[in-house]
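Secondary and tertiary structure notes
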Amino acid sequence: MKIICIGRNYLDHATELGNPVPSEPMFFLKPDSSILHKRHAFYIPDWTNEVHYEVELVVKILKLGKAIQTRYASRYYAEVGLGIDFTARDVQSKLKAAGHPWEKAKSFDGSAVVSEEFISLDRLGKSIQNLQFDLSINGTKVQVGSTSEMIFNVDDLISYVSQFMTLKTGDLIFTGTPSGVGSVKSGDKITGTLEGFQMLNVNVK
Ligand code: ZN
């Protein structure tokens, strides 16, 4: 399986990092080795001094698809989860400046936190474009997002990405982060909710 991550999909986050607002979706990949093992702590790697959290709605792809038209995209998912796209921001800044790929900063071991639970949209009884989620560090809310604020909606993202790469059953799409990203430090306890459900619980070491 692969993890497709969408960059700069919330206006307030794109601007907080000083990036231009994209005119089409941008994405990068995390390999399956980047997934943080269930109930394991997240260890800050020794080669970075600045790891940022980014909370994101995660969409699970339920069947194979290629060149999917936007109007059929909703047939390719039924469940959503919550994830953290851990990013070595200091390393990413250097890679960006050099025009190099981001993988070192984005795709390292443990950099993809995925909720154990995925919740069906039927159970939530809501549109995928009207879901509220948040992230707290040591009990203080640091990011609050609503999927209604996405620049490119989920169906557009699925259509766009599938023009370039086949989506396979079990692939995950991290749909971008709202504003409020920041650094983690050893000892932090990170929790996240989606529509009121506790989805994430990660200790930082
Ligand atoms: Zn992200």
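The structure we're discussing is the one just above.
Note that the structure is predicted; figures quoted are calculated from it, not measured.

Rules used throughout
Residues numbered from 1 in each chain as written. Predicted model: local features only at pLDDT ≥ 70, side-chain atom pairs only at ≥ 80, totals over all residues. Heavy atoms only, no water. Pairing = 2+ DSSP bridges. Helix = DSSP H or I, 4+ residues; strand = E, 2+ residues; numbered from the N terminus. Axes fitted to C-alpha atoms, helices over the stretch in contact; angles between N-to-C directions. Core = buried A, V, L, I, M, F, W, Y, C linked by side-chain atoms within 4.5 Å. Buried < 20%, exposed > 50% of the residue type's maximum accessible area, 1.4 Å probe, protein only. Contact = heavy atoms within 4.5 Å. Salt bridge = Lys/Arg side-chain N within 4 Å of Asp/Glu carboxyl O.

Here we come to the pairing of strand S10 (residues 140-146). In terms of strand pairing, strand S9 (residues 132-137) meets S10 through six bridges, oriented antiparallel. Bridge pairing in S10 links Phe-133 to Gly-145. In this antiparallel pair of consecutive strands, S9 and S10, the connection spans two residues, and Asn-138 shows a positive phi of 50 degrees.

Judged by pairing direction, the sheet is antiparallel, and its four strands sit side by side in the order S10-S9-S13-S14 without closing on themselves. The strands lining the two open edges of the sheet, one partner per strand, are S10 and strand S14 (197-203). Each neighbouring strand pair of the sheet contributes to a mean axis angle of 15 degrees, computed without reference to strand direction. Pairing of S9 with strand S13 (residues 189-194), which is carried by five bridges, proceeds in the antiparallel orientation. Note that in S13 the partner of Asp-134 across the bridge is Thr-193.

With that settled, consider the nonpolar core. Judged by nonpolar contacts, the single largest core of 48 residues is most densely connected at Phe-42, Val-80, Ile-84, Phe-86, Ile-128, Ile-158 and Ile-190. Beyond its immediate chain neighbours, meaning those up to four positions away, Ile-128 contacts Leu-57, Val-59, Tyr-77, Val-80, Leu-121, Thr-147 and Val-154. Grouped together as the second largest cluster of nonpolar side chains are ten residues, Phe-28, Phe-118, Leu-172 and Phe-174 included.

This paragraph deals with the pattern of salt bridges. Evaluation of the coordinates by the stated rule reveals ten salt bridges. With its nearest N and O atoms 2.8 Å apart, the salt bridge here joins Arg-39 to Glu-116. Here Arg-39 is found in the loop between strand S2 (26-30) and strand S3 (51-53), whereas its partner Glu-116 is found in the loop between strand S7 (112-114) and strand S8 (119-120), with 77 residues between them in sequence. Residue Arg-39 is classed as exposed on the basis of its relative accessible area, which comes to 72%. You can call Glu-116 partly exposed: its relative accessible area is 48%. If you follow the salt bridges from partner to partner, you end up with Lys-30, Glu-54, Asp-85, Arg-89 and Lys-106 in one network.

Summarising the element assignment, Asp-85 is placed in strand S5 (residues 77-85). Discounting residues that sit within four places of it in the chain, Asp-85 has contacts with Phe-28, Lys-30, His-52, Tyr-53, Glu-54, Glu-56, Lys-106, Ser-111 and Phe-174.

A few words now on the side chain of His-13. Counting through the fold element by element, His-13 comes out in helix H1 (residues 11-16). According to the relative accessible area criterion, His-13 is buried, its value standing at 4%. Discounting residues that sit within four places of it in the chain, His-13 has contacts with Glu-54, Arg-89, Thr-177, Pro-178, Ser-179 and Val-181.

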